[in-house]
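Overview (structure and organization)
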Amino acid sequence: MTTLTDPAPPKAALPPARGPLSSAVLSTLTGEPRVGATALPSPAGAEPFGDDLQLALLLCYELHYQGLPGVPDQWEWDPELLRFRGEVEAVFLTGLRARLPEGDDVSAVVEELLVEPIGGGGPSRHLARRGEWWQMQEFLAHRSVYHLKEADPHAWVIPRLRGRAKAALVAVEYDEFGGGHAERAHSRLYTDLLEGAGLDPGYLRYLPHVPAPTLAWVNLMSLLGLHRSLRGALVGHFAAAEITTAPSARRMVNALRRFGADKACVHFYAEHIEADAVHEQVMRHEVIDDLLTQEPALAPDVVFGIRAAELVEDDFARHLNHAWEQGSSSLRVPLPGSLPVPLPAD
């Protein structure tokens, strides 16, 4: 297991392109930053939830996090790349809004989240009831694209809040980042989990493996976090994540114990049962309530953020369930040594 003195795991190599948009981004990022760079293609007409657009968007977003291997930091603020990212974001955002009903009743939407459907599906239920170890490893690989930077996307909203809403959200983030203890940060706990599950803990190691629904699930957080105009939606998304995590984490603990998994695997999810039960109350009664007291016009955005979080989570769950019901891999490239064959690419 990694110790605090160990160097950070190396970043994985850049993934292969999945279409013209991601190909253009990869070609750009592997070149030298320069004024007047070749214009990137228009994403008009691209599938908002497809592999090509989602990979292109994630590559752009990663420049604002831990960067990409071999890519100069100067690309982060390249005007042409930012223009392209804005156009891609517009396609994604339009696609999200087209699939979601409008509304401004935050209390009603939150109440819906608090009631889990009886006999519902979802990966955590499948893994707890009858899942196999190779499916658990696939699930953990999917989630690694986010959990190795857990809570970073939501941190973007902190300077965009004020008063009690800001202080309360910072308190939640403080817990996410380990309460001042690096070894307790959730991203560090996930590194330990991956090692305990026999998986590679490298940052973005499984990016070439994961499909569009996983990328969209991660990209939504960055989309909402990087735009002040979407601050209400980011708060809604964060609240939805905290409300729904504890029940699923409890099922994951049961599943991992059923497999006799390493204690580091169990610890990551056990940590989320208690912590997120508290965070749910803080997000609902301190962050959302105070934000809407200050800015009541943000209510539709909060609702959008909650519903968008549910939408991409449902897409992700359907993808995994469909693949596993067929006895196939839910990954574009199966993990080494796994039985299933890959699903065909888009």
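As the structure is a computational prediction, the values presented were derived from the model and not from experiment. (Residues numbered from 1 in each chain as written. Predicted model: local features only at pLDDT ≥ 70, side-chain atom pairs only at ≥ 80, totals over all residues. Heavy atoms only, no water.)

1. Description of helix H12 (residues 263–294)
Defined as follows: Here a helix means four or more residues in a row that DSSP labels H or I, a strand means two or more in a row labelled E, and each is numbered from the N terminus. A helix is expected to reach a length of 1.5 Å times the quantity of its residues less one. For this analysis, a polar contact is any N or O atom pair within 3.5 Å, provided that within protein one partner can donate a hydrogen and the other can accept it, and provided that sequence-adjacent residues contribute only side-chain to side-chain pairs.
Between its terminal C-alpha atoms H12 stretches 44 Å, which fits the 46 Å expected from 32 residues at 1.5 Å a residue. Two to three positions downstream of the cap, the backbone nitrogen of alanine 264 sits 2.8 Å from a side-chain oxygen, assigning the N-cap of H12 to aspartate 262.

2. Quick look at the environment of isoleucine 273
Definition in use: Throughout, exposure labels follow a simple rule: accessible area from a 1.4 Å probe, protein chains only, divided by the maximum for the residue type, with under 20% read as buried, over 50% as exposed, and the rest as partly exposed. Two residues qualify as a contact provided that any one of their heavy atoms is within 4.5 Å of a heavy atom in the partner residue.
Along the chain, isoleucine 273 turns up in helix H12. The exposure class assigned to isoleucine 273 is buried, which follows from its relative accessible area of 18%. Taking the C-alpha atoms as reference, isoleucine 273 lies 34 Å from alanine 56; in sequence the two are 217 residues apart. Those residues in contact with isoleucine 273 that sit more than four places away from it in its chain are Ala246, Ala249, Arg250 and Val253.

3. What to know about the environment of alanine 185
Here alanine 185 is to be found in the loop between helix H8 (163–176) and helix H9 (186–196). For alanine 185, a relative accessible area of 10% puts it in the buried group. The spacing of alanine 185 and lysine 149 is 36 residues in sequence and 9.8 Å in space, taken between C-alpha atoms.

4. Quick word on the side chain of histidine 147
Tracing the backbone through its elements, the reader meets histidine 147 in helix H6 (residues 133–147). Relative accessible area serves as the criterion here: at 11%, histidine 147 is assigned to the buried category. Side-chain polar atoms of histidine 147 contact the side chain of glutamate 150, separated by 2.9 Å. Discounting chain neighbours no more than four positions away, the residues touching histidine 147 are His186, Ser187, Tyr190 and Phe268.

5. Let's talk about the confidence of the model for the protein
Counted only if it meets this: The score called pLDDT rates the predictor's confidence residue by residue, from a low of 0 to a high of 100.
For the protein, per-residue confidence averages 92 on the pLDDT scale, and 92% of positions sit at 70 or higher. Counting contacts from residues 340–346, a segment whose pLDDT is below 50, to residues more than four positions away or on other chains yields 22 contacts.

6. Concerning the nonpolar core
Rules: Only buried residues count toward a nonpolar core, which is a set of Ala, Val, Leu, Ile, Met, Phe, Trp, Tyr and Cys residues joined through side-chain atoms within 4.5 Å.
Ranked by size, the top nonpolar core spans 109 residues in total, and within it Leu29, Phe92, Leu96, Phe139, Leu140 and Tyr269 carry the most contacts. With 13 residues, helix H13 (residues 299–325) is the single largest residue contributor to this core. Those residues in contact with phenylalanine 92 that lie beyond four places of it in its chain are Pro48, Phe49, Leu53, Gln54, Leu57, Ala216, Asn219, Leu220 and Leu223.

7. Description of the packing of aromatic side chains
Just so we agree on the cut-off: Aromatic pairing here means that ring centres of Phe, Tyr or Trp (its six-membered ring) are within 6.5 Å. Orientation follows from the plane angle: under 30 degrees is stacked, over 60 is edge-to-face, and everything else is tilted. Note on geometry: a ring has a charge over it if NZ (lysine) or CZ (arginine) is within 6 Å of the ring centre and within 35 degrees of the ring normal.
On inspection of all chains with the given rule, the structure shows eight aromatic pairs. Considering the side-chain rings of tryptophan 217 and phenylalanine 316, the 6.2 Å spacing of their centres and the 20 degrees angle between planes classify their relative orientation as stacked. Of the two residues, tryptophan 217 sits in helix H10 (residues 212–225) while phenylalanine 316 sits in helix H13, which places them 99 residues apart along the sequence. Here tryptophan 217 falls in the buried class, since its relative accessible area comes to 9%. By relative accessible area, phenylalanine 316 is classed as buried at 0%. Taking 4.9 Å as the distance between ring centres and 90 degrees as the angle between the ring planes, the aromatic pair formed by phenylalanine 268 and tyrosine 269 counts as edge-to-face. Overall, the relative accessible area of 1% leaves phenylalanine 268 in the buried class. Residue tyrosine 269 is classed as buried on the basis of its relative accessible area, which comes to 7%. One aromatic cluster in this structure is built from Phe139, Tyr146, Trp217 and Phe316. Against the face of phenylalanine 304 rests arginine 97, its NZ or CZ located 4.2 Å from the ring centre.

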